[in-house]
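Chain by chain, the residues:
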Amino acid sequence: QEKTTKMELYRKLQSQEEELTQQRELRFAEIEKGLKEAKAEVAHKSQLAREVETQAETLSIERDSLKAEVEAAEDAVKVAQRAVQNASTKEADLQMQVGDARASYEEANR
């Protein structure tokens, strides 16, 4: 009878051990699945971060280019303003010369 009790106890322990092993394997499988999902999400988020970084770099380059274009346009406006001012000065000088010539002509014809 002692042998029978020991055998039953042994079988019970063996059964419990198998059950614990199955539970452990299931937990490991769940952990492995979660790990794979986490790795996939990290890869996806990393890809998104690279895309955002690339867009940011592109926008920065475009901003710098536009800034250079604005500066060039401002310089062109200054050059055009100086040209207009020079032309206005020349026009005023010519009008003065015409006025002097007209006055001289009128004086000579008196």
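Look up a bit, the structure's there.
Residues numbered from 1 in each chain as written. Predicted model: local features only at pLDDT ≥ 70, side-chain atom pairs only at ≥ 80, totals over all residues. Heavy atoms only, no water.

Q: How should I be thinking about the overall build of the protein in this particular structure?
A: Looking only at helices and strands, the protein features one helix and zero strands. Taking 110 residues into account, the globule formula puts the C-alpha radius of gyration at 13 Å, and the protein, at 47 Å, lies well above it. Dimensions of the protein along its principal axes, counting C-alpha atoms only, are 160 × 10 × 10 Å. Split into buried and exposed, the 110 residues of the protein put 0% on the buried side. If you sum the accessible surface of the protein, you get close to 10500 Å²; carbon and sulfur atoms cover 55% of it. Charge-centre separation for the protein: the mean point of 18 positive side chains lies 10 Å from the mean point of 24 negative side chains. (Helix = DSSP H or I, 4+ residues; strand = E, 2+ residues; numbered from the N terminus. Rg over C-alpha atoms; globule rule 2.2 N^0.38 Å. Buried < 20%, exposed > 50% of the residue type's maximum accessible area, 1.4 Å probe, protein only. Areas by Shrake-Rupley, 256 points an atom, 1.4 Å probe, with all protein chains shown as cover. Lys, Arg positive; Asp, Glu negative; His and termini not counted. Charge placed at Lys NZ, Arg CZ, Asp CG, Glu CD.)

Q: How should the pattern of salt bridges be read in this particular structure?
A: As a working rule, side chains carrying opposite charge can pair if their charged atoms are close by. This structure, assessed with the given rule, holds two salt bridges. Between Lys 6 and Glu 2 there is a salt bridge; the shortest N-O distance is 3.4 Å. One end of the pair is Lys 6 and the other is Glu 2, both in helix α1 (residues 2–108) and four residues apart, which spans about a single turn. The exposure class of Lys 6 is exposed, given its relative accessible area of 54%. One salt bridge connects Asp 64 with Arg 63, and the closest N-O pair in it is separated by 3.2 Å. For Arg 63, a relative accessible area of 46% puts it in the partly exposed group. (Salt bridge = Lys/Arg side-chain N within 4 Å of Asp/Glu carboxyl O.)

Q: Could you clarify how one ought to interpret the environment of Ile 61 in this entry?
A: Structurally, Ile 61 is set in helix α1. Under the relative-accessibility criterion, Ile 61 is labelled exposed at 59%. In this structure, the C-alpha to C-alpha distance between Ile 61 and Glu 51, residues 10 residues apart in sequence, is 15 Å.

Q: I would appreciate a short explanation of the environment of Ala 76 in the present structure.
A: Along the chain, Ala 76 turns up in helix α1. A relative accessible area of 44% places Ala 76 in the partly exposed class. Taking the C-alpha atoms as reference, Ala 76 lies 28 Å from Glu 57; in sequence the two are 19 residues apart.

So, to be careful, I would describe these as geometric facts and stop short of saying anything about function.
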